[in-house]
Every structure is written in structure tokens, then in C-alpha cells.
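# Breakdown of the fold
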Amino acid sequence: MDSRTVGILGGGQLGRMIVEAASRLNVKTVILDAPNSPAKQINALTEHVDGSFANPEDIEKIAAKCDVLTVEIEHVDVPTLQKLQKNYPKLEIYPAPETILLIQDKYLQKEHLIKNEIAVAESVAIPNPSEESLTEVGSKFGYPYMLKSRTLAYDGRGNFVVKSKDAIPEALETLKNRPLYAEKWAPFAKELAVMIVRSTSGRVYSYPTVETIHQENICHLCYAPARVPDSVQLKAKLLAENAIKSFPGCGIFGVEMFYLENGELLINEIAPRPHNSGHFTIDACVTSQFEAHVRAILGLPLPTNFSSLSTSNTNAIMLNVLGDKTAKDKELETCERALQTPGASVYLYGKESRPQRKMGHINVIGSSMQQCEQKLRYITGETNKGSG
Ligand code: ATP
Ligand code: MG
Ligand code: MG
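Note that the structure is a prediction, hence the values are computed from the model and not measured.

Rules used throughout
- Residues numbered from 1 in each chain as written.
- Chains lettered and ligands numbered in written order.
- Predicted model: local features only at pLDDT ≥ 70, side-chain atom pairs only at ≥ 80, totals over all residues.
- Heavy atoms only, no water.
- Helix = DSSP H or I, 4+ residues; strand = E, 2+ residues; numbered from the N terminus.
- Buried < 20%, exposed > 50% of the residue type's maximum accessible area, 1.4 Å probe, protein only.
- Contact = heavy atoms within 4.5 Å.
- Near = heavy atom within 4 Å.
- Polar contact = N/O pair within 3.5 Å; in protein donor to acceptor, adjacent residues only side chain to side chain.
- Core = buried A, V, L, I, M, F, W, Y, C linked by side-chain atoms within 4.5 Å.
- Donors = N, O, S within 2.8 Å, 3.2 Å for Na, K, Ca; no water.
- Pairing = 2+ DSSP bridges.

## Regarding the overall build of the chain
Broken down by element type, the chain carries 13 helices and 18 strands. Over its C-alpha atoms, taken along the principal directions, the chain stretches across nearly 60 × 55 × 45 Å. Here the chain holds 388 residues, and 56% of them are scored as buried. Contacts spanning at least 24 positions in sequence make up 61% of the contacts within the chain whose residues lie at least 6 apart.

As C-alpha cells, then:
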């Protein structure tokens, strides 16, 4: 579909699934990451770059091998991307380096969203972390509040729940040497997420609003569509679309939000890349989030009515497969039960099993959410019978 080569900064599971989607369209991809990373395993090429997406020289090496550069992770070295953009105007970089810069620092991201009148959890920067400054935050926000690293956060690594004034020394110790900000506690009834695709012309398309359930800060389950009233689904979609309209450049974005007990919706954070809450799209939608990203960054057609591509009567639950805490590879038992279950698909990422590591995911499709839940109970080992 396109003779240009796409370079991907990062070769984890998201990169691997971008590679899969691109190869279906005969689009060539090259990866920058450690040798044998998940995306390289399924893409036999000698041109991949071994190295790091945080290292300027490695980024320059891969840039020389591609026409379009994209990311599967936001923690990349943006100054190098900006330099490349200036020196090689023909190289296209999506998402825009400016967008990655705004998003990779969670506090800058918040300031940007507030400037664009998007609702977010109230936050305050902590330039000089100390017992005094964190006590001051406690007086302002009350307890608990969330202390967060502004950068390099994932799966809650970088967050600390400050439950009381007594917890402040531990919070400082846990997040020492990291740039910090604090966030008011969001008393959410549910966490929602919306995947948004932005085209080269700046048009935004949204996938259905989903509901995510986290365990120990890691996404555990994702229900698509979210089990909330239609009006809330629509409000979430509009909030996500408006948020993404404020960022330059194109590609796929994941928008995480809190649905508060009082009915309010607040954005938690945005990811400028495919997202865990969009994995259901591989089986529940005609065009997956990964294919949508490839099409968007190459300027390939996106359908005029994007929502018609996500069949609205499909229900899906995505279960993340995490490395078992008790025995190596034990999580494969869950995958085996999924293989026995009609309507379930297993995706493994080619990683070595470690406790709580994201090893893969399972998509369960059904004609009703009750049916998906029944299948899920079998897969997780709660019941003995499949749904037939
Ligand atoms: P990831 O990038 O993997 O989604 P992260 O490390 O960037 O995670 P966050 O998304 O900021 O972390 O937070 C992880 C989880 O912690 C959220 O999904 C939510 O469950 C909880 N959380 C975060 N901020 C707040 C808040 N202000 N109030 C209440 N809960 C919160
Ligand atoms: Mg995050
Ligand atoms: Mg998050």
C-alpha cells in the first residue's frame, strides 16, 4: 500500500502489533530496541538497530533507514527528533515531537490540557520535594493524594499514594531523584478510556468508550463498550476527541479518564501511541488501533465514517496476561483455557516470564457482556465449564 519504510522507536509488544498490522498492508518496518525485542522477533530483517530509543546516536541511525518515524513508547529522546526534523525536512515524524514533549512530562501535559479547557485532576508541581512541601500539598488537597513522577512512569511505577502526613518520608524515599508533582485524589466510580486516531489533516476519529479495571496499578481487564450509560460514553468520547484535537501531528492516542462518583469526567493521562485499553480493537473492530495508526501516519485513507468499522453490537473483554507471581510460565495455563474457549483469542508477546510482567493479552468476544463474562470466568479458572 505504501513503499515508504516506517521506523519504530521501541520494540515491545505495541511495536510488535504495529509490525503485524503494517505487514498486512505490505508496509516495511524497522525497529530500534534491544536485540531480539518482541517486535524484532516477528520481523526478520538485518536492518534493525540494536540500541535505545533514549540514545541520540541510535535514533539517528534508525532515522537514516526510514521515511516515516514513529514511536511505541513516549519516553524517547525528543531533542534528537527535533534536530532530525530540522535537518531532514523530508523525514516525517509522527506523533509530532512537540506532542511527545508535551505528553512525556505528565505535569506539562496537565498544563497543556488546562490551557485548552480540558478537565483534568487538580495538580501542583513540586520543584523542591521536602517534608514541608509535601505537608503543604496535604493541607491543600487533603489525604490521600497522589504523588507522581512527572516523567518515565508506567504501570504505576512512579506513583505513590500519600495516605497521611506520616507517609510523607516513605513517599520521598520511594520517589527520590525523580521530578515530582502531586495530584488531588480522584474518587472515581470507574476508569474509562477512549482510543482516538488523528489523521494528517487533523481530523479525529474515536473508537468506542471502554472501561478499564486496574490491579496493583496495572491494567487487568478492559470492557468494551464501557458499562456506563450511553450519555456517559458519548461525553467521554467528546472529551477525548477535544483533548486530542489540541495536540499537533497525527497517529493513534489513548486517553485515560476518571468517571467520578458525582458524574464528572476528568482526564487522567494521554498516551501518544497504541494503548493497552485499545487491544480489544484487534478482534472487536474491523480496523485495529495498530492498523489505524499505520494508516494515519502514512496518510493512507481512513474511512469517512470510522465508527461504522467498529461493529457496535460486539461486546469484548480484554484480559492482560501477567507473569505469574508463584511460578514461571504458569500464566500459560490461563492461555490454554482461552484456547479452549469459543470467541477468545490469545496474543503472546515473546517475552521471558517475570512476575507481574505483561506477557500477553486475551480478547474475549461475545454477543452480550454476560456471555463474555461467562467465558472469562472459565479462562481465569473461576468456573470449570466453558460457554460452549
Ligand atoms: P500507565 O502509563 O501504565 O497507565 P502510569 O504509571 O502512567 O500508568 P497513572 O495512569 O498516572 O500511572 O496511574 C495509574 C493508576 O493509578 C490509574 O489508572 C488509577 O487507577 C490510579 N490513579 C492515578 N492517579 C490517580 C488520582 N489522582 N486519584 C486516584 N487514583 C489515581
Ligand atoms: Mg502513563
Ligand atoms: Mg495510566
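That covers the picture; the talk isn't over yet.
## Brief notes about the site of ligand 1
The environment of ligand 1 is formed by 21 residues, the closest being Lys148, Asp155, Gly156, Glu191 and Glu269. The separation between a nitrogen atom of ligand 1 and a polar main-chain atom of Lys184 is 3.1 Å. Within the side chain of Asn217, one N or O atom sits 3.2 Å away from an oxygen atom of ligand 1. Those elements that place two or more of their residues in the shell around ligand 1 are strand E7 (145-149), strand E9 (180-184), strand E10 (188-198), strand E14 (251-260) and strand E15 (265-271).

## Here's the deal with the nonpolar core
Leu113, Leu192, Ile244, Val255, Met257, Ile267 and Ile270 are the most contacted members of the largest nonpolar core, which totals 25 residues. Counting residues per element, the ones that place at least two in this core are helix H5 (97-104), E10, helix H9 (230-245), E14 and E15. Ranked by the residues each element gives to this core, the list is headed by H9, at six residues. If near-sequence neighbours (up to four positions away) are discounted, Ile270 is found in contact with Ile103, Gln109, Leu113, Ala243, Ile244, Phe247, Phe253, Gly254 and Val255. Membership of the second largest hydrophobic core comes to 22 residues, among which are Val294, Leu300, Tyr347 and Tyr349.

## Looking at the coordination of the magnesium ion (ligand 2)
Coordination of the magnesium ion (ligand 2) by the protein involves Glu269 (OE) and Glu269 (OE), with metal-donor separations of 2.2 to 2.4 Å. Between the magnesium ion (ligand 2) and the magnesium ion (ligand 3) the interatomic distance comes to 3.7 Å, and Glu269 is a ligand of both metals.

## Considering the coordination of the magnesium ion (ligand 3)
Distances from the magnesium ion (ligand 3) to its protein donors, namely Glu256 (OE), Glu256 (OE) and Glu269 (OE), fall within the range 2.0 to 2.7 Å. Residue Glu256 is classed as buried on the basis of its relative accessible area, which comes to 16%.

## Quick look at the pairing of strand E4 (residues 68-71)
Going residue by residue along E4, you find Val68 and Thr70 tucked away on one face and Leu69 and Val71 tucked away on the opposite face as well. Pairing between strand E1 (residues 5-9) and E4: four bridges, direction parallel. For Ile8, the partnering residue across the bridge sits in E4 and is Thr70. With two bridges joining them, E4 and strand E5 (residues 92-93) adopt parallel strand pairing.

## Focus: H5
Within H5, six of the eight residues are buried, which leaves it mostly tucked inside the rest of the structure. All of the buried residues along H5 are Pro97, Thr99, Ile100, Leu102, Ile103 and Gln104. Residues of H5 that are buried in the fold lie against E4, helix H4 (78-87), E5, helix H6 (106-115), E14 and E15.

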